[in-house]
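Working through the structure, step by step
Residues per chain are reported as follows:
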Amino acid sequence: MDISPGTRASDAERDQVVALLGRHMADGRLDLAEYDQRVARVYGTVTRDDLQLVLADLPKPTKESAAQPKSRPRIPVWQRIEGGSWLGVSILVLVIWAAISIGVGEFTYPWPVWVIGPWGAVLAFRMLTGWESGRACKRAG
């Protein structure tokens, strides 16, 4: 990455530095707390010099690590937690509805759709648009 001093950094350059920090964290050079601090510094930088300072104490990436094929983006951990909560609650309300229906002897009003549907729609919207991750703001700006 060619970084010349004194000029303003672009969003693409900041994203490249964050990707490098991610590789260093994956290699064990940074822990999660330090990674978070450095990412915050990267997105707060104005010049390319400041970007270099964030990477100053880390080794340059090797050709092998740079040539690794890009894997598809993982689902963030907070979305996995929310999805697991949604799935657990969905199963619970379906079991309650089924128990009530069996107890009455006929199918009752399918009220679980009012729990499962809206919550699932919100989760799907947030996951597909990147609403909370900041991707939606970057696309619009």
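Residues numbered from 1 in each chain as written. Predicted model: local features only at pLDDT ≥ 70, side-chain atom pairs only at ≥ 80, totals over all residues. Heavy atoms only, no water.

1. Side note on helix α6 (residues 113-129)
- In this model, α6 (17 residues) spans 23 Å end to end at C-alpha, consistent with the 24 Å of a helix rising 1.5 Å per residue.
- Listed as buried for α6 are Ile-116, Gly-120, Leu-123 and Arg-126. With its buried residues spanning 130 degrees around the axis, α6 presents them on a single face. Turned more than 90 degrees away from the buried face of α6, the exposed residues are Trp-114 and Leu-128.
- At the C-terminal side of α6, Gly-130 shows a positive phi close to 70 degrees. (Helix = DSSP H or I, 4+ residues; strand = E, 2+ residues; numbered from the N terminus. Expected span 1.5 Å × (residues − 1). Buried < 20%, exposed > 50% of the residue type's maximum accessible area, 1.4 Å probe, protein only. Arc of directions from axis to C-beta.)

2. Quick word on the pattern of salt bridges
- Evaluated as defined, the whole model comprises six salt bridges.
- Where Arg-48 meets Glu-13, a salt bridge forms, and the shortest distance between an N and an O atom there is 2.6 Å. Remark: Glu-13 occurs in helix α1 (residues 11-26) and Arg-48 occurs in helix α3 (residues 48-55); sequence separation between them is 35 residues.
- Residue classification places Arg-48 among the buried residues on the basis of a relative accessible area of 19%.
- On the basis of relative accessible area, Glu-13 is assigned to the buried category, the value being 11%.
- Between Arg-29 and Asp-27 there is a salt bridge, with its nearest N and O atoms 3.2 Å apart.
- Residue Arg-29 is classed as partly exposed on the basis of its relative accessible area of 41%. (Salt bridge = Lys/Arg side-chain N within 4 Å of Asp/Glu carboxyl O.)

3. A closer look at the nonpolar core
- Counting residues in hydrophobic clusters, the biggest one holds 13 residues, and the most contacted among them are Val-17, Leu-21, Val-42 and Leu-55.
- Every element with two or more residues in this core is listed here: α1, α2 (32-43) and α3.
- In contact with Val-42, not counting residues within four places along its chain, are Arg-14, Val-17, Val-18, Leu-21, Leu-51 and Val-54. (Core = buried A, V, L, I, M, F, W, Y, C linked by side-chain atoms within 4.5 Å. Contact = heavy atoms within 4.5 Å.)

4. What about the packing of α1 against α3?
- At a closest axis distance of 11 Å, the pairing of α1 and α3 adopts a crossing angle of 0 degrees. The angle between α1 and α3 places the two elements in the roughly parallel class. In this structure, α1 uses Glu-13, Arg-14, Val-17, Leu-20 and Leu-21 to contact α3, whose residues at the interface are Arg-48, Leu-51, Val-54 and Leu-55.
- Classifying every residue of the contact of α1 with α3 by side-chain character gives six nonpolar, no polar and three charged. (Axes fitted to C-alpha atoms, helices over the stretch in contact; angles between N-to-C directions. Parallel < 35°, antiparallel > 145°, perpendicular 65-115°, else oblique. Nonpolar A, V, L, I, M, F, W, Y, C, P; charged D, E, K, R; others polar.)

5. Considerations on the packing of aromatic side chains
- All chains considered together, the criterion is met by one aromatic pair.
- The interplanar angle of 15 degrees and the centroid separation of 5.8 Å between the aromatic rings of Trp-97 and Phe-107 together place this pair among those described as stacked. Highlighted residues: Trp-97 in helix α5 (residues 77-104) and Phe-107 in the loop between α5 and α6, separated in sequence by ten residues.
- Given a relative accessible area of 17%, Trp-97 falls into the buried group. (Phe/Tyr/Trp six-rings, centres within 6.5 Å; stacked < 30°, edge-to-face > 60°.)

6. Some remarks on the side chain of Ser-90
- By the element assignment, Ser-90 lies in helix α5.
- A distance of 2.7 Å separates a polar atom in the side chain of Ser-90 from the backbone oxygen of Trp-86. (Polar contact = N/O pair within 3.5 Å; in protein donor to acceptor, adjacent residues only side chain to side chain.)

7. Focus: the UniProt feature "transmembrane region" (unreviewed entry) in the protein
- Here, UniProt's "transmembrane region" (unreviewed entry) annotation points to residues 84-105 and 111-129.
- In the segment residues 84-105, helix accounts for 95% and strand for 0%; the C-alpha atoms at its two ends are 31 Å apart.
- Secondary structure within residues 111-129 divides into 89% helix and 0% strand; the distance between the first and last C-alpha atoms comes to 28 Å. (UniProt positions renumbered as here; feature names shortened; annotations may be inferred.)

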